[in-house]
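# Residue-level structure breakdown
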Amino acid sequence: MFFIDTLEVQGLGNRSYLAGGSTAAVAVDPPRDIDRIMAAAARRGVRIAFVAETHLHNDYVTGGLELARVSGARYLVPTGASVSFEHTPVDDGDTVALDERLALRAVATPGHTPHHTSYVLEQDGQAMAAFTGGSLLIGTVGRPDLVEPRLTEQLARAQHASAHRLADQLDDEVQVLPTHGFGSFCSSSQAEGDTTTIGAERRANEALVKDADTFIADMLAGLDDVPAYYTHMGPVNAAGPAPVDLTPPRQADAEQISERLAAGEWVVDLRNRVAFAEGHVAGSFNFEGEGKLATYLAWLIPWGKPVTLLAETPEQVADAQRELTRVGIDRPAAAATGEPDDWVRDDSQLVSFPRARFADLADVRECGKDLVVLDVRRDSERASGYLDGSVHIPIHELPDRIGEVPSGQVWVHCAGGMRAAIAASLLDAVGREVIAVDDGFDAASDAGLTLTRPQSIG
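What you are looking at is a predicted structure, and each value in this text was computed from that prediction instead of being measured. (Residues numbered from 1 in each chain as written. Predicted model: local features only at pLDDT ≥ 70, side-chain atom pairs only at ≥ 80, totals over all residues. Heavy atoms only, no water.)

### Side note on the sheet that holds strand β22 (residues 410-413)
- Reading across from one edge, β18-β23-β22-β19-β21 is the order of the five strands in this open sheet, with parallel pairing throughout. Only two strands of the sheet have a single neighbouring strand rather than two, namely β18 (355-356) and β21 (391-392).
- Two elements, strand β19 (residues 372-375) and β21, share two bridges in a ladder whose sense is parallel. Within β21, the residue paired with Leu374 across the bridge is Val391.
- Lying over the sheet, helix α12 (residues 358-366) contacts β18, β19, β22 and β23 (434-437), oriented at roughly 150 degrees with respect to β22.
- Sitting on the sheet, helix α15 (residues 418-429) touches β19, β22 and β23, and the angle it makes with β23 is about 175 degrees. (Pairing = 2+ DSSP bridges. Helix = DSSP H or I, 4+ residues; strand = E, 2+ residues; numbered from the N terminus. Contact = heavy atoms within 4.5 Å. Axes fitted to C-alpha atoms, helices over the stretch in contact; angles between N-to-C directions.)

### Description of helix α6 (residues 212-222)
- Residues of α6 that are buried: Phe215, Ile216 and Met219. In an axial view of α6, the angular spread of the buried residues amounts to 95 degrees, which keeps them on one side of the axis. Among the exposed residues of α6, those oriented more than 90 degrees off its buried face are Asp213 and Ala221.
- N-cap assignment for α6: the residue whose side-chain oxygen lies 3.1 Å from the backbone N of Asp213 is Asp211. (Buried < 20%, exposed > 50% of the residue type's maximum accessible area, 1.4 Å probe, protein only. Arc of directions from axis to C-beta. Polar contact = N/O pair within 3.5 Å; in protein donor to acceptor, adjacent residues only side chain to side chain.)

### Comments concerning unusual backbone geometry
- One non-glycine residue, Arg101, adopts positive backbone phi at about 70 degrees.
- Turning to its location among the elements, Arg101 is positioned in the loop between β7 (95-99) and β8 (102-108).
- The backbone phi angle of Asp124 is positive, close to 50 degrees, even though this residue is not glycine.
- Among the secondary structure elements, Asp124 is positioned in the loop between β9 (117-123) and β10 (126-133).
- Asp124 gets classed as partly exposed once you look at its relative accessible area, which sits at 49%.

### Concerning the pattern of salt bridges
- In the structure shown here, the tally under the stated rule is 31 salt bridges.
- For Asp35, the salt bridge goes to Arg322, with nearest N and O atoms at 2.8 Å. In this pair, Asp35 is assigned in helix α1 (residues 35-44) and Arg322 in helix α11 (residues 314-325), connecting sequence segments 287 residues apart.
- Notably, a salt bridge pairs Glu66 with Arg69, separated by 2.7 Å at the nearest N-O pair. (Salt bridge = Lys/Arg side-chain N within 4 Å of Asp/Glu carboxyl O.)

### Examining the packing of helix α10 (residues 293-300) against α11
- Where α10 contacts α11, the axes come no closer than 9 Å and their chain directions differ by 65 degrees. For the pair α10 and α11, the sense of crossing is right-handed. Facing α10, whose interface residues are Leu293, Ala294 and Leu297, α11 presents Ala320, Glu323 and Leu324.
- In terms of residue class, the contact of α10 with α11 is made up of five nonpolar, no polar and one charged. (Left-handed = near helix turned anticlockwise from the far one by under 90°. Nonpolar A, V, L, I, M, F, W, Y, C, P; charged D, E, K, R; others polar.)

### Let's talk about the pairing of strand β3 (residues 24-28)
- Of all five residues in β3, five are buried; the element is thus mostly enclosed.
- The side-chain alternation of β3 yields two buried faces, one formed by Ala24, Val26 and Val28 and the other by Ala25 and Ala27.
- Sheet analysis places strand β2 (residues 14-20) next to β3, joined by four bridges and oriented antiparallel. Counted as the bridge partner of Ala19 is Val26 from β3.

### Describing the environment of Asn14
- Mapped onto the elements of the fold, Asn14 is located in strand β2.
- Asn14 sits in the buried class, given a relative accessible area of 3%.
- C-alpha of Asn14 to C-alpha of Pro30: the two residues are 16 residues apart in sequence and 10.0 Å apart in space.
- When residues no more than four places from it in sequence are discounted, the contact partners of Asn14 are Leu7, Glu8, Val9, Asp59, Tyr60, Thr179, His180 and Ser184.
- At 2.8 Å, the side chain of Asn14 and the side chain of His180 are in polar contact.

Written out as structure tokens, the structure reads:
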């Protein structure tokens with residue numbers, strides 16, 4: 001009698017949902033680019049009757065307002081969310097008829113935000129699924145520190161209570177369908193697994209198996225860095241995001257690319273890190289289109305700085321443009337496709353740097369060569385172990401702290417290679433001699449490199 005379609009937003013680690021019956025559906029927490037969810041509704045042959053937000057999002061720009069406008073749907077927004085556009089305020093216990101025998105019931109679940117609301121899909125009065133947004137996730141809950149630092153402990157306690165409220169109200173077989181937890185920094189930890197139920201969470205979710213004080217202490221101790229662009233998402237969502245423009249950006253030739261670099265704009269090469277290291281435009285930065293492009297580019301770029309995209313194909317530019325609109329980088333200043341030779345006036349503007357493995361680093365250290373090892377992982381990652389003698393500057397701090405990198409040849413590493421490539425491109429752009437370690441961090445100890453493990457000290 002009902003269906004639920006899941007729409008992955010992989011670059012941001014989120015999910016959106018389309019759920020309904022034979023004629024009508026609700027879209028839950030839609031991303032900025034609404035065409036995918038509209039296409040899903042068209043395939044189902046249903047109209048989107050409701051758009052539901054679980055909360056005012058901190059990690060992406062919502063498509064809810066535009067989807068409601070285009071589809072004519074009622075826009076359900078929790079009452080406590082301070083927004084400046086027309087919507088239907090939703091309070092705890094409010095129920096709307098979705099389709100024949102189907103209803104959507106609001107359940108107040110504060111914690112991720114003070115106004116957070118989950119939605120229970122009911123068939124003939126029986127709960128079938130819960131859209132839990134940033135409340136109850138797979139094995140964990142949404143983090144409580146993104147609204148206001150002074151509210152963090154209070155919201156952490158509310159998260160524990162909200163998780164128990166859902167578990168107390170819903171039967172074991174009810175599906176749990178969160179928005180966060182699949183790579184998003186809105187999650188207090190990342191999901192292990194792809195699907196879950198209330199029963200599974202009752203047995204394993206940290207909010208349901210720990211007492212409140214233990215849960216809160218553990219959560220607060222484990223909170224990770226917050227991407228800088230998050231500060232811009234809430235205000236954009238509260239004001240009402242503008243419709244997206246996904247038409248192709250203007251094309252830039254070699255002369256224009258050079259001029260943009262000279263003006264201090266960001267020129268971003270979307271190719272994979274192997275191709276970038278082998279040859280790229282001097283001064284350009286490498287953010288792989290297949291990596292977490294939106295998260296890391298939005299995190300590192302000065303907000304509002306014009307960006308020009310370089311890629312092998314127009315399709316890669318289009319994919320990147322779509323992903324970037326989700327975090328408020330709406331229009332690239334320009335784009336160019338092809339090969340590096342197409343993007344420069346002469347070969348002197350093309351540069352490269354080496355890639356290496358941890359085994360190579362071990363070899364040169366054994367030879368006594370003077371070098372700098374730069375670790376660009378986050379604090380939480382470094383806490384589990386780091387290379388003896390390495391310098392630590394997290395990738396998101398590197399643009400502002402690049403002058404702190406000691407002189408000499410720099411071997412830069414992360415946990416797997418993607419962030420090391422970004423960091424290497426930043427260093428290369430300011431003329432540093434750099435080698436990108438493209439290797440998993442587990443290989444460091446296998447190569448014989450000495451690791452320091454802080455937690456074992458004392």
